[in-house]
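Inside the fold
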Amino acid sequence: MINGAMEATIPAAHKLGIKAVEARPGFAAATVPLEGNGNHFGVVYAGVEFTVAEILGGIIAIASFDAAKYYPLVKKLDIEFTAAARSDLRAEASLDEDELRRIDSEAAENGKADFALNAVVRDEAGQTVAVTRGLYQLRAHGK
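In this report, we go over the structure that sits alongside the text. What you see is a predicted model; the values in this text were computed from it and never measured.

1. Side note on the packing of helix 3 (residues 46-54) against helix 4 (residues 56-64)
- Interaxial distance between helix 3 and helix 4 falls to 5 Å at its minimum, and their mutual angle equals 15 degrees. Classified by the angle their axes make, helix 3 and helix 4 are roughly parallel. On the side of helix 3, the interface is formed by Val52, Ala53 and Glu54, while helix 4 contributes Leu56, Gly57 and Gly58.
- Here the residues of the contact of helix 3 with helix 4 sort into 3 nonpolar, 2 polar and 1 charged.

This is the structure in structure tokens:
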């Protein structure tokens, strides 16, 4: 379901081959292939790494909150590239139960709630190639 929604709503991410591979309340993981996403010196293009990490905020929001009431948006994302990415990648992020409750309560009360989300992008060997810290918002439809 999430991959179909991503194809319709974020076609650029779909064209990169990004796929949600795990989505449950408080956890999201996505993958992206090296093939078709390399740059001029044989590593995954930085923008692809950014996108596979950034999209986790939407995946985790859809898996954790009522999509009929709320939609996610990104307000800010900082990325640090820590190693060259020479293989397919997997990005992961999580929120604990207390934070999920806070976000849900604040969004119900105010029509929106900001939340921070840290993500890790790893290569096939498990080496961290990038880390991100994003500021996202869960916003009520019509707000």
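Back to the write-up after that little detour.
2. A short note on the layout of surface pockets
- Its volume calculated, the largest pocket comes out at about 270 Å³.
- Along the wall of the largest pocket there are 15 residues; nearest its centre are Thr9, Ile10, Gly58, Ile62 and Pro72.
- Classifying every residue of the lining of the largest pocket by side-chain character gives 11 nonpolar, 3 polar and 1 charged.

3. Observations regarding the pairing of strand 6 (residues 128-140)
- As defined by bridge partners, strand 3 (residues 70-81) adjoins strand 6 across 11 bridges and the pair is classed as antiparallel. Note on strand 6: the bridge partner recorded for leucine 77 is glycine 134.
- Pairing analysis gives 11 bridges linking strand 5 (residues 112-123) to strand 6, with the strands arranged antiparallel. Of the residues in strand 6, the one forming a bridge with valine 120 is valine 131.
- Hairpin connection, strand 5 to strand 6: the antiparallel pair is bridged by 4 residues, and glycine 126 has positive phi, about 90 degrees.

4. Observations regarding the environment of aspartate 114
- Within the secondary structure layout, aspartate 114 lies in strand 5.
- Ignoring anything within four residues of it in the chain, the contact list for aspartate 114 reads Lys75, Arg102, Glu106, Leu135, Tyr136 and Gln137.
- A distance of 3.0 Å separates the side chain of aspartate 114 from the side chain of lysine 75, its partner in a polar contact.
- Only 2.7 Å separates the side chain of aspartate 114 from the side chain of glutamine 137, close enough to count as a polar contact.

5. Points about helix 4
- Of all 9 residues in helix 4, 7 are buried; the element is thus mostly enclosed.
- Taken as a whole, helix 4 has its buried residues at Leu56, Gly57, Gly58, Ile59, Ile60, Ala61 and Ser64.

6. What to know about the sheet that holds strand 4 (residues 89-94)
- Read across the sheet, 6 strands follow the order 1-2-4-5-6-3 without closing on themselves; strand pairing throughout is antiparallel. In this open sheet, the two edge strands, each paired with only one partner strand, are strand 1 (19-24) and strand 3. The mean inter-strand angle of the sheet, taken between neighbouring strand axes irrespective of direction, is 20 degrees.
- The strands touched by helix 3 within the sheet are strand 2 (27-32), strand 3, strand 4, strand 5 and strand 6, with strand 3 carrying the most contacts at an inclination of about 140 degrees.
- Relative to strand 5, helix 5 (residues 97-110) is tilted by about 145 degrees, and along the sheet it contacts strand 3, strand 5 and strand 6.

Here is what the cut-offs are and how they apply
Residues numbered from 1 in each chain as written. Predicted model: local features only at pLDDT ≥ 70, side-chain atom pairs only at ≥ 80, totals over all residues. Heavy atoms only, no water. Axes fitted to C-alpha atoms, helices over the stretch in contact; angles between N-to-C directions. Helix = DSSP H or I, 4+ residues; strand = E, 2+ residues; numbered from the N terminus. Parallel < 35°, antiparallel > 145°, perpendicular 65-115°, else oblique. Contact = heavy atoms within 4.5 Å. Nonpolar A, V, L, I, M, F, W, Y, C, P; charged D, E, K, R; others polar. 1 Å grid on protein atoms, 1.4 Å probe; cavity = no way out; pocket = protein on both sides within 12 Å on 5 of 7 lines; lining within 4 Å. Points joined across faces, edges and corners; volume = space filled by probe spheres on them. Pairing = 2+ DSSP bridges. Polar contact = N/O pair within 3.5 Å; in protein donor to acceptor, adjacent residues only side chain to side chain. Buried < 20%, exposed > 50% of the residue type's maximum accessible area, 1.4 Å probe, protein only.

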